[in-house]
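What follows is the residue order along each chain.
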Amino acid sequence: IREAERETLYSDYIDRVGDMVIGTVQSVNPHAITLDLGRVEAVMPAREKMPTERYRPHEKIRVYVSEVKKSNRGPQIVVSRSHKNMLRRLLEYEVPEIYNGLIEIKNIAREAGFRSKVAVAALQEGVDAVGACVGMRGMRIQNIVKELNDEKIDIIEWDNDSARFIARALSPARVNKVFLEEGLDGVRTATVIVPEDQLSLAIGKEGQNARLAAK
């Protein structure tokens with residue numbers, strides 16, 4: 001009977017990999033956090049935590065199911081709050097146009113707890129991809145920012161033209177010109193020209209804006 005129960009729990013949760021669940025914090029230590037998901041426990045290793053968050057026992061938190069493995073004691077469930085696909089799921093929940101396939105998330109670059117950049121493209125004429133993600137008066141994006149403990153999120157319109165896309169990816173900095181070159185070893189480089197007063201904004205705090213744009 002126990003074996004059958006373990007098998008049922010495993011098949012329930014293997015289907016939920018890539019989805020979000022709500023768990024109650026049971027215990028906190030420097031290496032991992034244990035969460036109660038109801039019928040089963042989950043573990044959030046230190047690398048999957050948000051560096052800007054502190055977790056307390058009995059607190060309810062939303063997490064992303066990143067991995068489910070079989071073990072003799074039932075399914076081992078690994079969850080995350082720093083995974084970039086957690087942001088993807090939050091956008092799908094908050095923006096019906098993404099869920100319904102009118103807008104596609106092309107890519108996400110994330111430094112969890114600090115800043116993320118999301119490239120979106122409209123798949124239907126007349127749909128404003130960036131506007132839909134931000135929402136009226138910024139309501140949609142604010143709900144996600146709140147869930148992620150005030151992580152900054154830049155929504156960028158995708159462009160097949162690499163130079164234009166790089167210029168947008170460096171927002172909020174204003175870009176004058178982008179020069180693209182590919183070396184003999186296949187390494188692609190973009191040289192970006194910005195006005196002097198935009199330089200520190202383009203680079204970002206400790207290089208974060210440029211780093212995320214490169215990702």
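Right above here is the structure, for reference.
The text that follows walks through the structure, step by step, so that each part is easy to find.

## Observations regarding the layout of surface pockets
One number sums up the size of the largest pocket: a volume of about 810 Å³. Around the largest pocket sit 30 residues that line it, and Ile166, Ala190, Ala213, Ala214 and Lys215 are the ones nearest its centre. Residue assignment for the lining of the largest pocket shows that the elements contributing at least two residues are strand S6 (103–111), strand S7 (115–122), helix H6 (162–169), strand S9 (177–182), strand S10 (188–193), helix H7 (199–203) and helix H8 (208–214). Classifying every residue of the lining of the largest pocket by side-chain character gives 21 nonpolar, 3 polar and 6 charged. Within this model, the second largest pocket holds a volume of roughly 380 Å³. What lines the second largest pocket is a set of 16 residues, and nearest its centre among them are Glu41, Ser71, Arg73, Pro75 and Gln76. Secondary structure elements with two or more residues in the lining of the second largest pocket: helix H1 (2–14), strand S3 (41–45) and strand S5 (76–80). By residue number, the principal contributor to the lining of the second largest pocket is S3, which donates 4 residues. For the lining of the second largest pocket, the per-class residue count stands at 8 nonpolar, 3 polar and 5 charged.

## A closer look at the packing of aromatic side chains
For the structure on display, the rule yields 1 aromatic pair. Over the ring of Tyr10 we find Lys70; its NZ or CZ atom is 4.9 Å from the centre of that ring.

## Section: unusual backbone geometry
Following Ser171, the chain continues to Pro172 via a peptide bond in cis, the omega torsion being 15°. Looking at where Pro172 falls in the secondary structure, it is placed in the loop between H6 and S9. Not every positive phi belongs to a glycine, and His58 is a case in point at roughly 75°. Within the chain, Glu206 stands out as a residue other than glycine whose phi angle is a positive 55°. With respect to the helices, strands and loops of the structure, Glu206 is situated in the loop between H7 and H8. Of the residues examined, Glu206 reaches a relative accessible area of 74% and is grouped as exposed.

## Some remarks on the side chain of Asn209
You can see Asn209 is positioned in helix H8. Given the relative accessible area of 2%, Asn209 is considered buried. Only 2.9 Å separates the side chain of Asn209 from the backbone oxygen of Leu170, close enough to count as a polar contact.

## Quick word on the sheet that holds S7
Within the open sheet, the 3 strands sit side by side as S6-S7-S8. Their pairing is mixed. The open sheet has two edge strands with one neighbour each: S6 and strand S8 (152–157). Pairwise comparison of adjacent strand axes, ignoring direction, gives a mean angle of 20° for this sheet. By the bridge criterion, 8 bridges tie S6 to S7 in an arrangement that is antiparallel. Within S7, the residue paired with Ala109 across the bridge is Lys117.

Rules of the game
- Residues numbered from 1 in each chain as written.
- Predicted model: local features only at pLDDT ≥ 70, side-chain atom pairs only at ≥ 80, totals over all residues.
- Heavy atoms only, no water.
- 1 Å grid on protein atoms, 1.4 Å probe; cavity = no way out; pocket = protein on both sides within 12 Å on 5 of 7 lines; lining within 4 Å.
- Points joined across faces, edges and corners; volume = space filled by probe spheres on them.
- Helix = DSSP H or I, 4+ residues; strand = E, 2+ residues; numbered from the N terminus.
- Nonpolar A, V, L, I, M, F, W, Y, C, P; charged D, E, K, R; others polar.
- Phe/Tyr/Trp six-rings, centres within 6.5 Å; stacked < 30°, edge-to-face > 60°.
- Lys NZ or Arg CZ within 6 Å of the ring centre and 35° of its normal.
- Buried < 20%, exposed > 50% of the residue type's maximum accessible area, 1.4 Å probe, protein only.
- Polar contact = N/O pair within 3.5 Å; in protein donor to acceptor, adjacent residues only side chain to side chain.
- Pairing = 2+ DSSP bridges.
- Axes fitted to C-alpha atoms, helices over the stretch in contact; angles between N-to-C directions.

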